[in-house]
Amino acid sequence: MLRRKISLSQPRSYGKQSEPSLAFKTDVGDRRWKAVMGEMTSEIVCEAQSVKAFTLEKGQLCRIRLIEGSQVATVNFWNADNKKEHFSQGLTRIYNSTHLKVFDQLWSAFPHVRPMATFAFDTNKSYGIDADRAGLHDVLRPISEKRVFDEITKVVKDYGLTLNDVHDGWNAFCCSGLSDTHEYFEKSNTTKKGDYVEFIAEMNLIVAVSTFVCATFETSDGERVGEEYFPVQIEIFQESEEKDEEINGDDE
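Structural notes, computed from the coordinates. Along each chain, residues carry numbers from 1 onward, in the same order as the chain's sequence is written. Note on the predicted model: pLDDT of at least 70 is required for a residue's local features to be given, and 80 or more for side-chain atom pairs to be given and counted; whole-chain, interface and lining totals, by contrast, use all residues. As a convention, hydrogens and water are excluded, and side-chain values are obtained from all of the structure's heavy atoms.

Moving on: the pattern of salt bridges. Criterion for a salt bridge: a side-chain nitrogen of Lys or Arg within 4 Å of a carboxyl oxygen of Asp or Glu. Across all of its chains, the model carries 15 salt bridges by this definition. For R63, the salt bridge goes to E198, with nearest N and O atoms at 2.6 Å. Of the two residues, R63 sits in strand 3 (residues 61–66) while E198 sits in strand 11 (residues 196–201), which places them 135 residues apart along the sequence. To sort residues, take the accessible area from a 1.4 Å probe on protein chains only and compare it with the maximum for the residue type: under 20% means buried, over 50% means exposed, and anything in between is partly exposed. On the accessibility criterion, E198 (0% relative accessible area) is buried. What counts as a helix is a DSSP run of H or I of at least four residues, what counts as a strand is a run of E of at least two, and both are numbered from the N terminus.

Turning our eyes to something else, we now look at the packing of aromatic side chains. The rule is short: rings of Phe, Tyr and Trp, with Trp giving its six-membered ring, pair when the centres are within 6.5 Å, and they are stacked under 30 degrees, edge-to-face over 60, tilted in between. Across all of its chains, the model carries 6 aromatic pairs by this definition. Centroid distance F77 to F199: 5.3 Å. Interplanar angle 85°. Geometry classified as edge-to-face. Placement of F77 in strand 4 (residues 73–79) and of F199 in strand 11 is noted, with a sequence separation of 122 residues between them. Looking at F77, the relative accessible area reads 0%, which means it is buried. Ring pairs connect the aromatic residues F77, F87, F119, W170 and F199, which therefore count as one cluster. When the ring centre of F121 is taken as origin, the NZ or CZ atom of R32, which lies over that ring, is 4.0 Å away. Charge-over-ring placement is defined geometrically: NZ (Lys) or CZ (Arg) within 6 Å of the ring centre, and within 35 degrees of the ring normal. The lysine or arginine in question, R63, covers the ring of Y196, its NZ or CZ lying 4.4 Å from the ring centre.

To continue, consider helix 3 (residues 146–156). Among the residues of helix 3, V148, I152, T153 and V156 are the ones counted as buried. Down the axis of helix 3, the buried set is contained in an arc of 135°. They therefore lie on one face. Those residues of helix 3 that are exposed and angled more than 90 degrees off the buried face are K146 and K154. Whether two residues are in contact is decided by their heavy atoms, any of which lying within 4.5 Å being enough. Buried residues along helix 3 sit against strand 2 (51–56), strand 4 and strand 12 (205–210). Starting at the helix axis, one direction is taken to each C-beta atom, and the arc is that of these directions.

Take the buried residues of types Ala, Val, Leu, Ile, Met, Phe, Trp, Tyr and Cys, join any two whose side-chain atoms come within 4.5 Å, and each joined set is a nonpolar core. With 31 residues, the main nonpolar core has I64, F77, W170 and F199 as its most contacted residues. Those residues within four positions of I64 in sequence are excluded, and the remaining contacts are A73, V75, F173, D195, Y196, V197, F199, V209, V232 and Q233.

Here we come to helix 1 (residues 22–36). Residues that lie three or four places apart on an α-helix share one face, since the helix turns once every 3.6 residues. For helix 1, built from 15 residues, the straight-helix expectation of 21 Å at 1.5 Å per residue is met to within 8% by its first-to-last C-alpha distance of 21 Å. The set of residues buried in helix 1 consists of V28, R32 and A35. End-on, the buried residues of helix 1 take up no more than an arc of 65°, which puts them together on one face. Across helix 1 from its buried face, at more than 90 degrees, point the exposed residues L22 and A23. If you follow the buried residues of helix 1, they end up packed against strand 1 (39–46), strand 3, strand 7 (115–122), strand 11 and strand 15 (232–238). Between the first and last residue of a helix there are one fewer steps than residues, each counted as 1.5 Å, and that sum is the expected span.

In structure tokens:
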């Protein structure tokens, strides 16, 4: 658990204690490379406005790919070995930022407070913060519709989870920001077919991916119109034992 000294004479400060070290970045890069160069163990299509749930073993890598057009993929996490431990949007936001980038970690809620997954790769990593003060991959937008809660609940019940276990997630590919008056906004974004994000499981996980938030729309008189929804593809990779032996074997 992270421990911080609080000074009563200074504003309370959250966020990262330091930027990721070179050793941490190298470790994440090595684990990612070994997984994607290993074997793909599963390939799942999550259709537009639907939910898919699956499990990840510690160390496996999950890639979420846009296969037709820009689409927000909301990702929820639970510890497969202790289902009461789940992802915390708030702690992840505090320990990282409102929008996640490569090497950020996705944290579990109190009382556990530990990394559940690590953001390992992003084809849009250079996007940053745009002229409208918006960024990609937010941990701001909550699940705001009962229909979405119900659909996620239907899918995760096969893993022993209930409506009370469903929580706000990580909104991959969501382009959003905060205005000058600190109001949340979303904008149509430039992600496209073929783009993807990857994360590495830091524990055995139950994962749910849902596609109820559109990423492409127009605005007319302050209202969103012309919303489009697309499927995403989920690809799971793991290190190949055979290739690992070849890499680490002694030369003869």
